[in-house]
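The residues making up each chain are set out below.
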Amino acid sequence: YSNGAYSFLEMNTRLQVEHPVTEFQTGVDLVEAQLKVASGQELSEIFPNGISRNSHTINIRINAQEYKSL
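So, here's what we can say about the structure. It should be emphasised that the depicted structure is a prediction, and the values quoted were computed from it without experimental measurement.

1. Side note on the overall build of the protein
Move 1: On a plain count of helices and strands, the protein comes out with 3 helices and 0 strands.
Move 2: Element order for the protein, N to C, with α for helix and β for strand: α-α-α.
Move 3: Projected onto its principal axes, the C-alpha positions of the protein cover 60 × 45 × 20 Å.
Move 4: Sorting the 70 residues of the protein into buried and exposed places 9% on the buried side.
Move 5: Sequence separation of at least 24 residues holds for 51% of the intrachain contacts in the protein that already meet a minimum separation of 6.
Move 6: In the structure as shown, the protein presents an accessible area of about 6900 Å², 52% of it carried by carbon and sulfur atoms.
Move 7: Distance from the positive charge centre (5 side chains) to the negative charge centre (8 side chains) of the protein: 8 Å.

2. Structural notes on helix H2 (residues 30-38)
Move 1: Here H2 starts with a cap whose side-chain oxygen sits 3.1 Å from the backbone nitrogen of Val-31, and that cap is Asp-29.
Move 2: Downstream of H2 by a residue or two, Gly-40 has a phi angle that is positive, lying close to 110 degrees.

3. Here's the deal with the pattern of salt bridges
Move 1: Scanning the entire structure with this criterion turns up 1 salt bridge.
Move 2: Notably, a salt bridge pairs Lys-36 with Glu-32, separated by 3.1 Å at the nearest N-O pair. With Lys-36 and Glu-32 both in helix H2, this residue pair falls 4 residues apart, about one helical turn.
Move 3: Judged by its relative accessible area of 39%, Glu-32 is partly exposed.

Cut-off values and rules
Residues numbered from 1 in each chain as written. Predicted model: local features only at pLDDT ≥ 70, side-chain atom pairs only at ≥ 80, totals over all residues. Heavy atoms only, no water. Helix = DSSP H or I, 4+ residues; strand = E, 2+ residues; numbered from the N terminus. Buried < 20%, exposed > 50% of the residue type's maximum accessible area, 1.4 Å probe, protein only. Contact = heavy atoms within 4.5 Å. Areas by Shrake-Rupley, 256 points an atom, 1.4 Å probe, with all protein chains shown as cover. Lys, Arg positive; Asp, Glu negative; His and termini not counted. Charge placed at Lys NZ, Arg CZ, Asp CG, Glu CD. Polar contact = N/O pair within 3.5 Å; in protein donor to acceptor, adjacent residues only side chain to side chain. Salt bridge = Lys/Arg side-chain N within 4 Å of Asp/Glu carboxyl O.

In structure tokens form, the structure reads like this:
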């Protein structure tokens, strides 16, 4: 609520298909971390030394759609 106007933010709490890429790059099991957060643990408890990246990754998704003219 700011200046009399409401704002809405979409929050997507599910893991996306890209999560294995993130896990590979950080060494973090995201499912385990998500369950720990859901059980009430603080991120500072789960990752006391923070999260660091240890590689570079390129993730590519190709979408194809058939086009039909009317």
